[in-house]
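# Tertiary structure, described
Here is what each chain is made of, one letter per residue.
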Amino acid sequence: EWIWRLWLVAPPHFISLPPLGLLHVTSIFRQNEFKGNMVRFWCSTAVSRLQDKPYFPPGCRASWEELAGVLIFSAFPFVAVKTVANSSLGTMLQEQMQETKASAKKRRLEIEAAAKKAKEKSMWYGENRPKWLGPIPFQYPTHLAGDAPGDYGYDILGLGCDSSDFNKFFSYEILHARWAMLAALGVVIPEFLDRFGWVDFPEAVWWKVGYAKLQGGTLDYLGIPGLHIAGSQGILVIAICQFLLMVGPEYARYCGIEALEPLGIFLPGDINYPGGALFDPLGLSMHPSSFEELKVKEIKNGRLAMVAWLGFYVQALVTGKGPVENLFDHVSDPFHYNIVTYISNGFKSIL
């Protein structure tokens, strides 16, 4: 019954999801097609009705208790938010928010005015900000006036000539920059911990983890035996779990910062910097002078992280190792483990 309730509270784009997995999950639960303690889970990408004796690839079976638990766990955050928003508790929270919303908006206007003055005094904004060519004379685009953090006057393709396009691309960039920074930590930390024996991971190298799953391996979080919410499931189940976990945040991002107001949460910022206790627990945005510089530092580090990911891909392709192992190889013997030797060896293998 829980799976049908999940469909009822889901947004329209969730309901219209091509039924690769969820349709078969609901069909399985509805028809009670159990084989002992195992549920035969359809792993084909083709969407067709269940046959009497369908084919199931190896490694795509899961205990029905585990499968149900994983799906419930993944769907719980979004379902819980929708349930609270439509309950009497949600109504009470909204009423409390309305009482303080006016003062919060007034405070936001004061912070925006202070942030504008901080930008005028900062070296990272305005006409005299650093440019991407430094002291070399160049006719920089007029639509880049130094209002956005990380604006070095670089737009040789003119993608940001339209202000709406510029705001859209900046939102995309800051979003990818934050994901790249988080993902870079996820690449380096497990391999680093495993190398020094602090945590014993079944597989610590980032690009080998997916391969281990395809081979039917079980991934324990933090190397703790038995701690695998979805790590013991197949690739398709993990993909469904990720979708369910992300549908809530992505739906909220699509709706804008007002999406949390049904829960009584007012966000005083904008789509890129929402602010509030939920997204700014340290209150950094309350100090506009330092906060405007932190925005610049964030986008600069985010751009480095995106470039680092390009390096991760190339290193994995060329060396077949993780970035931490590449680093220690280079430190131990910098004359034999460097980009020049790998390029020369690659040419030798081609010739």
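Worth saying up front: this structure is predicted, and the values here are computed from it rather than measured.

Let us look at the overall build of the chain. The helix and strand tally for the chain stands at 12 helices and 3 strands. Counting the 351 residues in the chain, one finds 32% classified as buried. Accessible surface for the chain amounts to roughly 22200 Å². Of this, 64% is attributable to carbon and sulfur atoms.

The next point concerns a nonpolar patch on the surface. A surface patch of nonpolar side chains, amounting to about 860 Å² of accessible area, comprises W132, F138, Y154, I156, L157, L159, F169 and Y172. Checked against the element boundaries, I156 lands in the loop between α5 (88–121) and α6 (163–195). On the accessibility criterion, I156 (56% relative accessible area) is exposed.

A word on the pattern of salt bridges. Throughout the structure, instances matching the rule amount to 9 salt bridges. We note a salt bridge from E298 to R178, for which the minimum N-O separation is 2.7 Å. Here E298, found in helix α10 (residues 288–319), pairs with R178, found in helix α6; they are 120 residues apart in sequence, far enough to count as distant. E298 sits in the partly exposed class, given a relative accessible area of 22%. As a salt-bridge pair, E292 and K295 come within 3.4 Å of each other at their nearest N and O atoms. In this pair, E292 and K295 both sit in helix α10, 3 residues apart, roughly one turn of the helix.

Locating K131 in the fold gives a position in the loop between α5 and α6. There is no salt bridge for the buried K131, and the closest opposite charge comes from E127, which lies 4.6 Å off by N-O distance. Once residues lying within four places of it in the same chain are set aside, the contact partners of K131 are Y140 and Y152.

What follows is about the confidence of the model for the chain. Averaged over all residues, the pLDDT of the chain equals 77, while 74% of them reach at least 70. The lowest-confidence element of the chain is helix α1 (residues 2–9), averaging 31 in pLDDT; the highest-confidence one is α10, averaging 94. Note on residues 1–61: pLDDT under 50 across the span, and 81 contacts to partners over four residues away in sequence or across chains.

What follows concerns the packing of α6 against α10. A pair of packed helices is captured by two measures, namely the crossing angle of their axes and the spacing between those axes. For the pair α6 and α10, interaxial distance at closest approach is 8 Å and the crossing angle is 55 degrees. Classed by the angle they form, the pair α6 and α10 counts as oblique. Crossing geometry of α6 relative to α10 is assigned as left-handed. Here E173, I174, H176, A177, R178, A180, M181, A183, A184, V187 and V188 of α6 lie close against α10, whose contacting residues are E298, I299, N301, G302, R303, A305, M306, W309 and F312. Looking at side-chain class alone, the contact of α6 with α10 contains 13 nonpolar, 3 polar and 4 charged residues.

Looking now at the environment of G276. Within the element layout of this structure, G276 appears in helix α9 (residues 276–279). Along the chain, G276 and M286 lie 10 residues apart, while their C-alpha atoms are 9.7 Å from each other.

The next point concerns the packing of aromatic side chains. In this structure the tally under the stated criterion is 12 aromatic pairs. Look at F192 and W198: their rings are 5.9 Å apart centre to centre, the planes differ by 65 degrees, and that puts the pair in the edge-to-face class. For the ring pair F196 and W198, a centre distance of 5.4 Å and an interplane angle of 25 degrees mean the geometry is stacked. Residue class for F196 comes out partly exposed when judged on its relative accessible area of 41%. Members of the aromatic cluster, each reached through a chain of ring pairs, are W132, F138, Y140 and Y154. Stacked on the ring of Y140, the Lys or Arg K131 has its end atom at 5.7 Å from the ring centre.

Within the secondary structure, A180 is located in helix α6. Among the residues examined, A180 registers a relative accessible area of 7% and is labelled buried. For the pair A180 and A308, spaced 128 residues apart in the sequence, the C-alpha separation amounts to 8.5 Å. Setting aside residues up to four positions removed in sequence, A180 forms contacts with G302, A305, M306 and W309.

Position of R129 among the secondary structure elements: in the loop between α5 and α6. For R129, a relative accessible area of 4% corresponds to the buried category. Polar contacts involving the side chain of R129 include one to the main-chain carbonyl oxygen of D151, which spans 2.7 Å.

About the thresholds
- Positions within a chain are numbered from 1, following the residues in the order the chain's sequence is written.
- This being a predicted model, a pLDDT of at least 70 is required before a residue's local features are given, and a value of 80 or more before pairs of side-chain atoms are given or counted; all residues contribute to the totals for chains, interfaces and linings.
- Remark: hydrogens and water are excluded; side-chain values derive from all non-hydrogen atoms of the structure.
- Helix numbers and strand numbers start at the N terminus; a helix is a DSSP run of H or I with at least 4 residues, a strand a run of E with at least 2.
- Whether a residue is buried, partly exposed or exposed follows from its accessible area with a 1.4 Å probe, protein chains only, as a fraction of its type maximum: under 20%, in between, or over 50%, in that order.
- Working definition of accessibility: Shrake-Rupley area with a 1.4 Å probe, residue cover restricted to the visible protein chains.
- To count toward a patch, a residue needs a relative accessible area above 30% and no salt bridge. Like charges then connect within 9 Å, nonpolar side chains (Val, Leu, Ile, Met, Phe, Trp, Tyr) within 5 Å.
- Salt bridges are defined by distance alone: a side-chain nitrogen of Lys or Arg within 4 Å of a carboxyl oxygen of Asp or Glu.
- Charged-residue counts in this description rest on Lys and Arg as positive and Asp and Glu as negative, His and the chain ends being excluded.
- Whether two residues touch is decided by their heavy atoms; if any such pair falls within 4.5 Å, the residues are in contact.
- The predictor reports its confidence for every residue as pLDDT, a score running from 0 up to 100.
- Throughout, an axis means a line fitted to C-alpha atoms (over the contacting stretch in the case of helices), and angles, computed between N-to-C directions, take values from 0 to 180 degrees.
- Oblique is the label for every angle not falling under 35 degrees (roughly parallel), over 145 degrees (roughly antiparallel), or within 65 to 115 degrees (roughly perpendicular).
- We call a crossing left-handed when the near helix sits turned anticlockwise from the far one by less than a right angle, and right-handed when that turn is clockwise.
- Side-chain classes follow a simple rule in which Ala, Val, Leu, Ile, Met, Phe, Trp, Tyr, Cys and Pro form the nonpolar group, Asp, Glu, Lys and Arg form the charged group, and the remainder, Gly included, forms the polar group.
- Two aromatic rings from Phe, Tyr or Trp, using only the six-membered ring of Trp, form a pair when their centres are within 6.5 Å; if the ring planes differ by under 30 degrees the pair is stacked, by over 60 it is edge-to-face, and anything between is tilted.
- Counted as over-ring charges are cases with an Arg CZ or a Lys NZ within 6 Å of the ring centre that also lie within 35 degrees of the ring normal.
- We call two N or O atoms a polar contact when they sit within 3.5 Å, provided that within protein one can donate a hydrogen and the other can accept it, with sequence-adjacent residues counted only if both atoms are side-chain atoms.

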